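So the chains spell out like this:
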Amino acid sequence: MSLEIDVFATLNGIPDEAINNKAIIVIDALRATTTITVALAAGCLEVIPVLTPEEAIEMRERLGDERVLLGGERNALKIPGFDLGNSPLEYTTEIVAGKRLIITTTNGTRAIRRAAGGRLVFLGAMINAPAVAGLAATAATDITIICAGTRDRFSLEDFLTAGLLVDQLAGQGEFVLRDGAQAARDYYYCHRVDPAAALKASFHGRLLADLGLEADVEFCSRVGATDVVPVYGGGIIKKAS
Ligand code: MLT
């Protein structure tokens, strides 16, 4: 029986059957899954995604580990009292190597937590799409791609990245594309010559630019810039070995 790929454009209405026992790829291209990928690439030991700033602070106290950093955003800006925001450019080796990161973002960490029932849960972004597709294609199970979206609304940047992933996956095996996957790939085909321009033109891309964060958008657009694949399991994100 052929394996299926499906894409969910927001977290709304994803049936449990599309998650349980599937290989999941969670996307928040601007910027959470990009930032987490960069943190792990820079030597961060592990990342713990949580839903609220209060949960993050409480967990840091409970862990009582001086290697713990708090990162994340609300309204795209660093949370007061946190060590880091949600810009991938902040997560340098000097700052995160050998550290544990607790992160909370508006949509990204919520999407990651929604994927908790998956057999394998990968975090995808433009910067690691070829590597994620390479690993997910070997999972020998249906693949569900979850777009974080923006507060339950459709986000172009996540759907575009989903389409890129579908395209890469389809090149590596005999997959049946459900309609969500086909639509995402078709959308990606419209922009594959210049995906960076599409990211820039997206609602969230423009919002980040208005905040002076256009360098983040450019960074997040670099398709295949890293081979690092974050894997989520048991509440923790680590680098796939
Ligand atoms: C989110 O989780 O909503 C984001 O990653 C927003 C951002 O910081 O750009």
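Residues numbered from 1 in each chain as written. Predicted model: local features only at pLDDT ≥ 70, side-chain atom pairs only at ≥ 80, totals over all residues. Heavy atoms only, no water.

Student: Which parts of the structure should I look at to understand the overall build of the protein?
Tutor: Counting its regular elements, the protein contains 10 helices and 11 strands. The C-alpha radius of gyration of the protein comes to 16 Å, within 12% of the 18 Å expected for a compact globule of 241 residues. Each of the three principal axes of the protein carries a C-alpha extent, and together these read 50 × 35 × 30 Å. The buried share among the 241 residues of the protein stands at 54%. Taking all contacts inside the protein whose residues are at least 6 apart in sequence as the whole, residues at least 24 apart take part in 77%. Accessible area of the protein: about 10,300 Å², with a carbon and sulfur share of 51%. In the protein, 23 side chains carry a positive charge and 30 a negative one; their mean positions are 3 Å apart. (Helix = DSSP H or I, 4+ residues; strand = E, 2+ residues; numbered from the N terminus. Rg over C-alpha atoms; globule rule 2.2 N^0.38 Å. Buried < 20%, exposed > 50% of the residue type's maximum accessible area, 1.4 Å probe, protein only. Contact = heavy atoms within 4.5 Å. Areas by Shrake-Rupley, 256 points an atom, 1.4 Å probe, with all protein chains shown as cover. Lys, Arg positive; Asp, Glu negative; His and termini not counted. Charge placed at Lys NZ, Arg CZ, Asp CG, Glu CD.)

Student: I'm lost on the layout of surface pockets in this one. Help?
Tutor: By rolling a water-sized probe across the atoms, one finds the places where empty space is left. Reported here for the largest pocket is a volume of approximately 440 Å³. Lining the largest pocket are 22 residues, and of these Asn107, Thr150, Phe203, His204 and Leu207 lie nearest its centre. Every element with two or more residues in the lining of the largest pocket is listed here: helix 6 (156-170) and helix 9 (203-210). For the lining of the largest pocket, the element with the highest residue contribution is helix 9, accounting for 3 residues. Counted by class, the lining of the largest pocket contains 6 nonpolar, 10 polar and 6 charged residues. Taken as a whole, the second largest pocket encloses approximately 190 Å³ of empty space. The wall of the second largest pocket is formed by Glu4, Asp6, Phe8, Pro15, Glu17, Ala18, Lys22, Asp142, Ile143, Thr144 and Arg178. Where the lining of the second largest pocket is concerned, the elements lending two or more residues are strand 1 (3-8) and strand 8 (143-147). The element best represented in the lining of the second largest pocket is strand 1, accounting for 3 residues. Its residues placed into classes, the lining of the second largest pocket shows 4 nonpolar, 1 polar and 6 charged. (1 Å grid on protein atoms, 1.4 Å probe; cavity = no way out; pocket = protein on both sides within 12 Å on 5 of 7 lines; lining within 4 Å. Points joined across faces, edges and corners; volume = space filled by probe spheres on them. Nonpolar A, V, L, I, M, F, W, Y, C, P; charged D, E, K, R; others polar.)

Student: What am I meant to see in the nonpolar core here?
Tutor: In a soluble, globular protein the nonpolar side chains are often hidden away together inside. Counting residues in hydrophobic clusters, the biggest one holds 39 residues, and the most contacted among them are Ile5, Val7, Ile25, Ile143, Ile145, Leu165 and Leu169. Ile143 has contacts with Glu4, Ile5, Asp6, Ala23, Ile25, Ala136, Ala137, Leu169 and Phe175, leaving out every residue within four places of it along the chain. By size, the runner-up hydrophobic cluster in this structure holds 33 residues, among which are Leu40, Ala111, Leu123 and Ala125. (Core = buried A, V, L, I, M, F, W, Y, C linked by side-chain atoms within 4.5 Å.)

Student: Explain a nonpolar patch on the surface to me, please; I cannot follow it from the model alone.
Tutor: Taken together, the side chains of Leu77, Phe203, Leu207 and Leu211 make up a nonpolar region of the molecular surface, amounting to roughly 370 Å² of accessible area. With respect to the element layout, Phe203 can be found in helix 9. (Patch = residues over 30% accessible without salt bridge, like charges linked within 9 Å, V, L, I, M, F, W, Y side chains within 5 Å. Salt bridge = Lys/Arg side-chain N within 4 Å of Asp/Glu carboxyl O.)

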